[in-house]
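Residues per chain are reported as follows:
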Amino acid sequence: METVYLKAKIGATMAKAIRQKCLDCSENSAEVRQCPAVKCPLWGYRFGCKPATAIARLGKTNIVKLLEE
């Protein structure tokens, strides 16, 4: 039987865990915001929330353009 190691972070939501992964992949928050890896399955969640929530939040202060799938 194989041993599997997991790192449990108390209080972390799935979206926040994805955000942490994006920060791990990038060098800083600005790089996460401008992430060019649009084919990454985590790309839509890189702001630490559902894509619809991110669009609503960002749309208040930015021009939001949606990419075609």
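**Student:** Just checking my understanding: could you explain the state of the cysteines for this structure?
**Tutor:** Joining two cysteines, a disulfide is a covalent bond between their sulfur atoms. Applying the stated criterion to the full structure yields zero disulfides. As a non-bridged cysteine, Cys35 has Cys25 as the owner of its nearest cysteine sulfur, 6.5 Å distant. Relative accessible area serves as the criterion here: at 21%, Cys35 is assigned to the partly exposed category.

**Student:** How should I be thinking about the packing of aromatic side chains in this particular structure?
**Tutor:** Each aromatic ring pair is summarised here by two numbers: the centre-to-centre distance and the angle between the ring planes. Applying the stated criterion across every chain, the model contains zero aromatic pairs. Of note, Arg46 hangs over the ring of Trp43, and the distance from its end group to the ring centre comes to 4.0 Å.

What counts and how
- Position numbers for residues start from 1 in each chain and track the written sequence from start to end.
- Local features are withheld for residues below a pLDDT of 70 in this predicted model, meaning they are given only at 70 or higher, and side-chain atom pairs are given and counted only at 80 or more; totals for whole chains, interfaces and linings count all residues.
- Calculated side-chain values reflect all of the structure's heavy atoms, with hydrogen atoms and water omitted.
- Cysteine sulfur atoms that pair up within 2.5 Å are treated as a disulfide.
- The cut-offs for exposure are 20% and 50% of the maximum accessible area for each residue type, with area from a 1.4 Å probe on protein chains only; residues under the lower value are buried, those over the upper are exposed, and the others partly exposed.
- Ring geometry is summarised as follows: Phe, Tyr and Trp rings, the Trp one being its six-membered ring, pair when their centres sit within 6.5 Å, and such pairs are stacked at plane angles under 30 degrees, edge-to-face over 60 and tilted between the two.
- For a lysine, the NZ atom is tested; for an arginine, the CZ atom; a charge sits over a ring if that atom is within 6 Å of the ring centre and within 35 degrees of the ring normal.

In short, the description is geometric, and any link to function would need to be established separately.
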